[in-house]
Each structure stands twice: as C-alpha cells, then as structure tokens.
Amino acid sequence: MPKCLKSGLCAIPLILVMSASTSGQHAGGLTGDERAIVQHIDAHVGDALKLLEQVVNINSGTQNFRGVQNVGRVFGAELERLGFNVRWVDGAAFKRAGHLIGEHPAAGPKLLLIGHLDTVFEADSPFQKFERVSETAARGPGIIDMKGGDVVMLQALSALKAVGALDRLNVVVVMTGDEESAGDPQDVAREALVAAAKDAIAALGFEDGAGDPRTAVIGRRGTTAWTVRVKGKPAHSSQIFRRDIGYGAVFEAARIVNAFREKLAGQAHLTFNPSIVLGGTQVEFDPVQARGSAFGKDNVIAEHATVSGDLRALSLEQFAEARKAMEAIVSESLAHTSAEITFDEGYPPLSPTDGNKRLLAMYDQASRDSGGGPVTAVDPDRAGAADVSFVAAHVPMILDGIGLMGDGGHTAQETADLRTLPSQAKRAALLIYRLMR
C-alpha cells in the first residue's frame, strides 16, 4: 500500500520516478526537455555571473536591515519575472529585516526551495566587494554562503521556465533574512518558513554544504547554546577548602566543565564546546554579544563564575540525553557552591532519514545524467546548522548543500568555484523536473 501524507498525497509517483531513474529511463541520456534544460543553463552562465556579482556587492549582514531588504528586492524581481507571486514578511516582530517569499501555485505536489539573503559580514566589515581572482574563481562576502546558492536556484527555475515545465510546477521559495543570526523569538522568526513547508513533498536547501560538488547534505546536526552560572562563598583565599568555606565558584565551574568532558566526550555526532569562561568577585556576561568581563583579586575566593558554549547533536533524542546528563552534573555541587544551566532554543537537527536518502539517490542520478558524476552524502559532522532543519518535522524528503561550491565561508577569503555555478544549476533543475513528474 502506498504511504500517504496527511494532505492526502501519496508517495507512489515519487517512488516510480526514482525507480525509473535508477533502472535506466534517464541513465546514459536525457529526455528532450532535459537536454533543453541543460542547454539553457549553459547559454545563460553570463547572466548568472552578472546577477551573482550584483548581489554580492550589496552588503547584507544580518543587522544591516536595508541591505538585506535590497538583496531581497533583486531576487524578488527575478522571481516575479519567472511568474512567482512575491511578498515580503516584515521582520519587526522578531527584530530582523524579514524574509522573501515567492509562491508559484499549480496542480500537483508542492516543492519547497530554501535560501537566505543575509551574510555574516556586517556593514562595517572591510570585506565588501565581489572580486574575480581567476577565470574560474571569485571572492566576495556571502558568495557561497549563500548568495551563490540563491543564484543556482534561480538559474534552475529559469531553465524550467524556458522549457515550459515551470508552468506546471507547484513550488514555494523562501529566502530568509536572518539565517546567520536567527531572530527572537525564534518560533516567530521561522513561522513563515514552517508554514511554507506544510504539505510539501520535498524541500531543497541551496547552502554550499561541505563545499564539495561530490557531496550533498541529508543530515545536519542541530545546535543550541548553553550557559552555566555558578555561585560560591566569598572569603579570604587563605581559607579556601575549609569545611565552612568550600571551594569557590571557579573550582565548581572547572568541575562541571571537566565532568561534561568525562561523561559525554567521544559519542558519535555529539560535541560541546565551552567557548567563554569568566570568574571572580564580580562577573558580567552579555550572551547576545558573546562577551563579558570579570573582576577579582588573588587573595579573594571567587564568588561568581560563568561558562558559555554550544552543544551539537544529530537527533532530538541525542539532544535530550545530553541535556539530561549536563543538568545532572550541574546539580552535583561542591560544598558551599550552587550552579544552574540554561539552554537557548537553538537550531533543530536534520536526521538522515530514508526519505532524505531517496532524494539524494534521485539527485545523484540527475548529476550522473548531466555529466556531473556521482554524489554521496557528506558526513553530518561536517555540516553546520541551517534553516532547512526547521522543516525536518514537516517534509518527508529533504536535501541540502546543493548550492554554489567553494571554500573560506565566513572568512575574508570566501571564494567560489565558478565552474560549479552551471553544474549545480543543472543538477537542481533536473531533480526538480523529475520530482514534478
């Protein structure tokens, strides 16, 4: 019996497409429409490069709301040209610029395509401009993370439009304006994305993944920040360890962090990193800016300590078990100390489900058929958190990391391999075309 979604759509058409694809319908050649798709992408590489340079030269650091909106206007105009109904979700409610939504309704199952408009490079960053460094490479802020991925998406859609396939495609595009620093409250910031995911049979994320075109992402670890706050009994340092004085806040913080390591280190896909440690008579910590200060003297037992870091896991169950273990460690306080640990909302994990593996198999076949070679799943430990994880509970098949490839993301050496601009667009376009059928 076919497995049907809550919407009433059954998975038989997708299974048949994949089976035919892997059994010879597409292997070794393309259909007439598919050859036209590939040819259209090759013929419009110059247009794609012009668009890429245009948007990279618009600063859109997450906190530069006007810049994020300007990039949204450029991509919104491209979507409108393709026949999408475009709207802007204002971000005031979650303290960010907002999101671009493009809707192309049609009969048949819905697809969700995900990108983002913001970068980690704010308006005061010295890294601001697109720079061609060779015939095959260009450097610029956000060029692979992920303005290049957005361009790959648009090139794929443009090719589908050229052969008349887009007219029959039910697709929603969501480009968030705060992927690099999610708005608050987070559930409000991701409300539009989650709503777009409802009833979608598949979601494609156009991040750059591991930067290797031979891989794609079917699993991402989620991440959450944690903070431990410790209080000890202040006294002259010569009295430390006395039964009525205890060990102070710094020793207790050290015990907690080391116990985290002893209890949890070494588990597959689980990592935790204490990134900031402050201790002394007085401690001030700003979690939003990830900075703080401490005051103390050598001859005074520390009264306060704060430790902040992150926790990454591949499943909700792994997150729950790690949090339970960390909370238990924090509760076992040394004498005359007390401590508490808090966790923020974080990014959920994207587990490598059977549905994600099926979608990867279809993408792999599309890559082989277009001359791109095989594609395998990247190690989830190499894939950071991303927006696609927020729809994992709502979409049965998800593939990410299929955008423009390169290296140096989040650094002033962020560089794109421009040879992958047309090849990634071909793969995505063929996958969407076959999903549609």
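Structure report, in brief. (Residues numbered from 1 in each chain as written. Predicted model: local features only at pLDDT ≥ 70, side-chain atom pairs only at ≥ 80, totals over all residues. Heavy atoms only, no water.)

Now for empty space enclosed by the protein. Tallying each qualifying case throughout the model produces 1 cavity of 30 Å³ or more. Here the largest cavity defines a volume of roughly 40 Å³. Here the lining of the largest cavity takes 3 residues from strand β3 (residues 110–116), the largest share from any one element. A per-class count over the lining of the largest cavity returns 4 nonpolar, 3 polar and 4 charged. (1 Å grid on protein atoms, 1.4 Å probe; cavity = no way out; pocket = protein on both sides within 12 Å on 5 of 7 lines; lining within 4 Å. Points joined across faces, edges and corners; volume = space filled by probe spheres on them. Helix = DSSP H or I, 4+ residues; strand = E, 2+ residues; numbered from the N terminus. Nonpolar A, V, L, I, M, F, W, Y, C, P; charged D, E, K, R; others polar.)

Another point: a nonpolar patch on the surface. Together, Phe241, Tyr247 and Phe251 line one region of the surface with nonpolar side chains, adding up to about 310 Å² of accessible area. Mapped onto the elements, Phe241 comes out in the loop between β9 (222–231) and α8 (248–264). (Patch = residues over 30% accessible without salt bridge, like charges linked within 9 Å, V, L, I, M, F, W, Y side chains within 5 Å. Areas by Shrake-Rupley, 256 points an atom, 1.4 Å probe, with all protein chains shown as cover. Salt bridge = Lys/Arg side-chain N within 4 Å of Asp/Glu carboxyl O.)

A separate point is α8. If you check α8, its first and last C-alpha atoms are 25 Å apart, about what 17 residues at 1.5 Å a residue would give, namely 24 Å. The set of residues buried in α8 consists of Gly248, Ala249, Glu252, Ala253, Arg255, Ile256, Ala259, Phe260 and Leu264. (Expected span 1.5 Å × (residues − 1). Buried < 20%, exposed > 50% of the residue type's maximum accessible area, 1.4 Å probe, protein only.)

This next bit is on the packing of aromatic side chains. Counted by the stated rule, this structure contains 5 aromatic pairs. Taking 5.1 Å as the distance between ring centres and 75 degrees as the angle between the ring planes, the aromatic pair formed by Phe121 and Phe127 counts as edge-to-face. Here the two residues Phe121 and Phe127 agree in accessibility, since each one is buried. Here the aromatic rings of Trp226 and Phe260 are separated by 5.6 Å at their centres, their planes lie at 90 degrees, and the arrangement is edge-to-face. Linking Trp226 in strand β9 with Phe260 in helix α8, this pair joins segments that are 34 residues apart in sequence. Trp226 sits in the buried class, given a relative accessible area of 0%. With a relative accessible area of 1%, Phe260 lands in the buried category. Among the aromatic residues, those joined into a cluster by ring pairs are Phe241, Tyr247 and Phe251. Directly above the aromatic system of Phe390 lies the positively charged group of Arg190, at a separation of 5.4 Å from the ring centroid. (Phe/Tyr/Trp six-rings, centres within 6.5 Å; stacked < 30°, edge-to-face > 60°. Lys NZ or Arg CZ within 6 Å of the ring centre and 35° of its normal.)

With 16 residues, helix α9 (residues 316–331) should reach 22 Å at 1.5 Å per residue; the first-to-last C-alpha distance of 23 Å fits that figure. Those residues of α9 that sit buried are Gln318, Phe319, Ala322, Ala325, Met326, Ile329 and Val330. For α9, the arc enclosing every buried residue in end-on projection is 135 degrees, short of the 170-degree limit, so these residues lie on one face. Along α9, the residues that are exposed and aim more than 90 degrees away from the buried face are Leu316, Glu317, Glu321, Lys324 and Ser331. In this fold, the buried residues of α9 make contact with β9, α8, β13 (304–313) and β14 (338–343). (Arc of directions from axis to C-beta. Contact = heavy atoms within 4.5 Å.)

Now for the side chain of His116. Relative to the assigned elements, His116 resides in strand β3. A distance of 3.0 Å separates a polar atom in the side chain of His116 from the backbone oxygen of Asp118. At a separation of 3.2 Å, a polar atom in the side chain of His116 contacts the side chain of Glu207. Here His116 is in contact with Asp145, Met146, Asp150, Met175, Thr176, Glu179, Glu180, Glu207 and Asp387, once residues within four sequence places are set aside. (Polar contact = N/O pair within 3.5 Å; in protein donor to acceptor, adjacent residues only side chain to side chain.)

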